[in-house]
Amino acid sequence: MAQGTRTRSHRCGIQTAWTEATGAEAAVAALAASLDVPRIAHLVIFFSPVYGVEALNAALGRAFPGVRVAGCTSSGEISPMAGLDRGLVAIAFPHEGFRIASTVLESVDHLDAERASGSIRSLRCALEKISRGGQRFAISLIDGLANAEETVIAAIGYGLDGVPLVGGSAGDELTFSETALIHDGQVHRRAAILLLIESDFPVEIFKNDNFEPTGVKFVVTETDHEQRTVRELNAEPAAVEYANALGIDPDALTPTSFAAHPLVVRVGGDYFCRSIRHLNPDQSLSFHCAIESGVVLTLARQKDLVEATREELARLDARLGGVDLVIGFECVLRRLDAEIHQARHSIAELYRHYNVVGFETYGEQYRSMHLNQTFTGIAIGRPAAP
């Protein structure tokens, strides 16, 4: 087994493996050597873009013949032992205990919603043919630079007809240059992957955040909706107005500023984060979510990240009678926040205890919403005692 490669077998039959081996060929070989390949029906992977998506895809085809594969680039990988900075994480679903159907939605930046919904209905029919009556959930992996999550989630939600959805937007280590997805031997860009999964074990999807609204509000007075760019807040340059509320110079704004001082929007009775992606030279702000003119954004204050996460994982553990593993999608800004508050080690301990595996995203999906600066996922419970 290559140095830095680990594997874990879970009670439900899923195997997880992770490696920081250098190079696509070596990383995939390390996974193949550590996993029981004949038991694998479907492999879900999250990986650093430094591997090169084409090289990684080719290596996977050679190492896992006949195994269906779905995955995406990330801004950091989460393993049951600790976070990886530049690595590869795999979730190996077995032939027994889970039934999986998957599909790709192409050209999501110009999505034909009716055609997409039809594809998803066909996916549900495919799962029906192999169904054994278990609990169902869906996982979405969406190109994080296509700026299309809201449209994709709307189409998926219509096609799923009530099946609960969680997922994440592919990242590229905060370079914002190129994200990519892999599905059954093909590399895709400006696309989305949808996995529809039926489980023989108890499951529950969740959403967790650690912020609460303050009294500071901004009205979005000018925006480029398609580019997810806010030009003005309260009729002032967006970066200037935001920075003034923080008491700092606009030129001092960084990703850590955005992570520590998120903006939220109220939908129904709840608040949802609308995270800032980066500062632009013209003092506009680019966001991870689409934002309309006239929307009221509220500056949020943070609650303790570790305690908020601990409470949610403990709730899931109690509800499921014990968590076997968690497939998680965590905003990369939460990692930055954990680093700011020197809490990354404590978060890693929680993830180790609950067997969290996943990746750091450019956005998270939960039911019919595209979110930022949250931790979403699916918790899989332990098998019932004989």
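An unreviewed UniProt entry annotates the chain as FIST domain containing protein of Methylobacterium terrae.

Chemist: Just to check I follow, could you spell out helix H2 (residues 53-63) for this structure?
Modeler: Side chains three or four residues apart in an α-helix point the same way, a direct result of the helix having 3.6 residues per turn. Those residues of H2 lying buried are Val53, Leu56, Asn57, Ala59 and Leu60. Buried residues along H2 cover an arc of 165 degrees about the axis, so they all sit on one side. Looking at the packing, one finds that the buried side of H2 touches helix H1 (24-34), strand S3 (40-47), strand S4 (68-73), strand S7 (88-94), strand S11 (181-183) and strand S12 (186-188).

Chemist: Before we go on, may I ask you to explain helix H5 (residues 238-246) in this structure?
Modeler: Those residues of H5 not exposed but buried are Ala238, Ala239, Glu241, Tyr242, Ala243 and Leu246. Looking one or two residues past H5, Gly247 carries a phi angle of roughly 80 degrees, positive in sign.

Chemist: What am I meant to see in the pairing of strand S19 (residues 270-273) here?
Modeler: The two faces of the sheet receive side chains in turn, since in a regular strand these alternate between them. Two strands pair when backbone bridges link them, and strand S18 (residues 263-267) and S19 are joined in this way by four bridges, in the antiparallel orientation. Bridged to Arg266 within S19 is Tyr271. Joining the antiparallel neighbours S18 and S19 is a turn of two residues, in which Gly268 adopts a positive phi near 65 degrees.

Chemist: Even after reading the chapter, I still don't get the pattern of salt bridges, so can you show me in this structure?
Modeler: Side chains that differ in charge, positive against negative, can pair when their charged atoms come close. The final tally for this structure, using the stated rule, is 27 salt bridges. For Arg189, the salt bridge identified is with Glu54, shortest N-O distance 3.1 Å. Separated by 135 residues along the polypeptide, Arg189 in the loop between S12 and strand S13 (192-199) and Glu54 in helix H2 bring together distant segments of the chain. A network of salt bridges, in which partner residues are shared, links Arg99, Glu128, Arg136, Glu198 and Asp200.

Chemist: Looking at this structure, I do not really get the environment of Phe46. What am I missing?
Modeler: Here Phe46 shows up in strand S3. By relative accessible area, which is 1% here, Phe46 ends up buried. Separated by 26 residues in sequence, Phe46 and Cys72 have C-alpha atoms that sit 5.3 Å apart. In this view, Phe46 contacts Cys72, Ser74, Glu77, Gly87, Leu88, Val89, Ile91, Leu141, Phe329, Gly358 and Phe359; residues no more than four positions away in its chain are not counted.

Chemist: Before we go on, may I ask you to explain the UniProt feature "domain: FIST C-domain" (unreviewed entry) in the chain in this structure?
Modeler: Taking the UniProt record as the reference, the feature "domain: FIST C-domain" (unreviewed entry) is found at residues 238-368. Between the C-alpha atoms that bound residues 238-368 the distance is 28 Å, and the span itself is 38% helix and 31% strand.

Chemist: Is there a simple way to think about the UniProt feature "domain: FIST" (unreviewed entry) in the chain in this case?
Modeler: Following the UniProt record, one finds the feature "domain: FIST" (unreviewed entry) at residues 39-237. Segment residues 39-237 splits into 21% helix and 45% strand. End C-alpha atoms: 56 Å apart.

Chemist: Explanation requested: the sheet that holds strand S26 (residues 369-371) in the structure shown.
Modeler: Strand pairing in a sheet relies on backbone hydrogen bonds. The paired strands run either parallel or antiparallel. In spatial order, the strands read S8-S13-S9-S10-S25-S26; together these six strands make up an open sheet with mixed pairing. What marks the edges here is a single partner per strand, and that holds for strand S8 (98-105) and S26. Shown here is a sheet whose adjacent strand axes are inclined to one another by a mean of 20 degrees, direction ignored. With six bridges connecting them, strand S9 (residues 135-143) and strand S10 (residues 165-170) associate as parallel partners. From the neighbouring strand, Ile139 faces S10, where its bridge partner is Val166. Along the sheet, helix H3 (residues 113-130) contacts S8, S9 and S13; its crossing angle with S8, the most-contacted strand, is approximately 160 degrees. Strands in contact with helix H4 (residues 149-160) are S8, S9, S10, S13, strand S25 (364-366) and S26; relative to S9, the strand with the most contacts, it is inclined by about 155 degrees.

What counts, and where the lines are drawn
- Residues numbered from 1 in each chain as written.
- Predicted model: local features only at pLDDT ≥ 70, side-chain atom pairs only at ≥ 80, totals over all residues.
- Heavy atoms only, no water.
- Buried < 20%, exposed > 50% of the residue type's maximum accessible area, 1.4 Å probe, protein only.
- Helix = DSSP H or I, 4+ residues; strand = E, 2+ residues; numbered from the N terminus.
- Arc of directions from axis to C-beta.
- Contact = heavy atoms within 4.5 Å.
- Pairing = 2+ DSSP bridges.
- Salt bridge = Lys/Arg side-chain N within 4 Å of Asp/Glu carboxyl O.
- UniProt positions renumbered as here; feature names shortened; annotations may be inferred.
- Axes fitted to C-alpha atoms, helices over the stretch in contact; angles between N-to-C directions.

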